[in-house]
Amino acid sequence: MPRNNRPRKRGSSGHSDHGDLSRLLDGWRRTEVRRGREWNVQPVGEASAVKSYTCPGCGGVVAPGVAHLVVWRADGVTGDAADLEARRHWHSGCWRIA
């Protein structure tokens, strides 16, 4: 019997498909508090890591193909656009010990 590739309707669990999609697009972004400041932390998987960056924690290179974290202020006073522009790519281990 051939496969049916059409998506099936979800049950009425109270969750919308739009919420599930935005959660996937956010890459499981979370908020953390470090040294009295709030930070947005978004993981980047190996497949999505296509450029090299300098880790502010160790000064080393976050090479392409290496899973890491993108971090930016969540409570900045300069506005969301400026905070997002100032984001930095950290090694996961460096962010944990920072």
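Residues numbered from 1 in each chain as written. Predicted model: local features only at pLDDT ≥ 70, side-chain atom pairs only at ≥ 80, totals over all residues. Heavy atoms only, no water.

**Q** Any chance you could break down the sheet that holds strand E6 (residues 88-90) for me, citing the residues and the numbers?
**A** Read from one edge of the open sheet, four strands run E1-E2-E5-E6, paired in antiparallel fashion. The open sheet has two edge strands with one neighbour each: strand E1 (30-34) and E6. In this sheet, adjacent strand axes meet at a mean angle of 35 degrees when their direction is disregarded. (Pairing = 2+ DSSP bridges. Helix = DSSP H or I, 4+ residues; strand = E, 2+ residues; numbered from the N terminus. Axes fitted to C-alpha atoms, helices over the stretch in contact; angles between N-to-C directions.)

**Q** Got a sec to walk through unusual backbone geometry? Specific residues and values, please.
**A** The phi dihedral of Arg35 is positive, around 50 degrees, even though this residue is not glycine. Turning to its location among the elements, Arg35 is positioned in the loop between E1 and strand E2 (37-44). Relative accessible area serves as the criterion here: at 79%, Arg35 is assigned to the exposed category. (Buried < 20%, exposed > 50% of the residue type's maximum accessible area, 1.4 Å probe, protein only.)

**Q** I'd like to hear about the pattern of salt bridges, residue by residue, with values.
**A** All told, the structure shown has three salt bridges when counted by the stated rule. The partner of Arg34 in a salt bridge is Glu32, and the shortest N-O contact between them spans 3.2 Å. Given a relative accessible area of 16%, Glu32 falls into the buried group. With its nearest N and O atoms 3.0 Å apart, the salt bridge here joins Asp75 to Arg73. Taken together, the shared-partner salt bridges in this structure form one network comprising Arg30, Glu32 and Arg34. (Salt bridge = Lys/Arg side-chain N within 4 Å of Asp/Glu carboxyl O.)

**Q** How would you summarise the environment of Ala63 if you had to cite specific residues and measurements?
**A** With respect to the helices, strands and loops of the structure, Ala63 is situated in the loop between strand E4 (61-62) and strand E5 (68-73). Classification of Ala63 as partly exposed rests on a relative accessible area of 28%. When the C-alpha positions of Ala63 and Ala49 are compared, they lie 7.9 Å apart, and in sequence the two are 14 residues distant. Aside from chain neighbours lying at most four places away, what touches Ala63 is Lys51 and Ser52. (Contact = heavy atoms within 4.5 Å.)

**Q** An account of the packing of aromatic side chains is requested, with residue identities and associated values reported.
**A** One pass over the full model with this rule turns up two aromatic pairs. With a centroid separation of 6.1 Å and 75 degrees between ring planes, the pair formed by Trp39 and Trp95 is classed as edge-to-face. One end of the pair, Trp39, is in strand E2; the other, Trp95, is in helix H3 (residues 92-97), and 56 residues separate them in sequence. For Trp95, a relative accessible area of 5% puts it in the buried group. A centroid spacing of 5.1 Å and a plane angle of 75 degrees characterise the contact between Trp90 and Trp95, whose relative ring orientation is edge-to-face. On the basis of relative accessible area, Trp90 is assigned to the buried category, the value being 13%. One aromatic cluster is present, built from ring pairs that chain together Trp39, Trp90 and Trp95. Lying across the ring of Trp95, Arg34 places its NZ or CZ 4.6 Å from the centre. (Phe/Tyr/Trp six-rings, centres within 6.5 Å; stacked < 30°, edge-to-face > 60°. Lys NZ or Arg CZ within 6 Å of the ring centre and 35° of its normal.)

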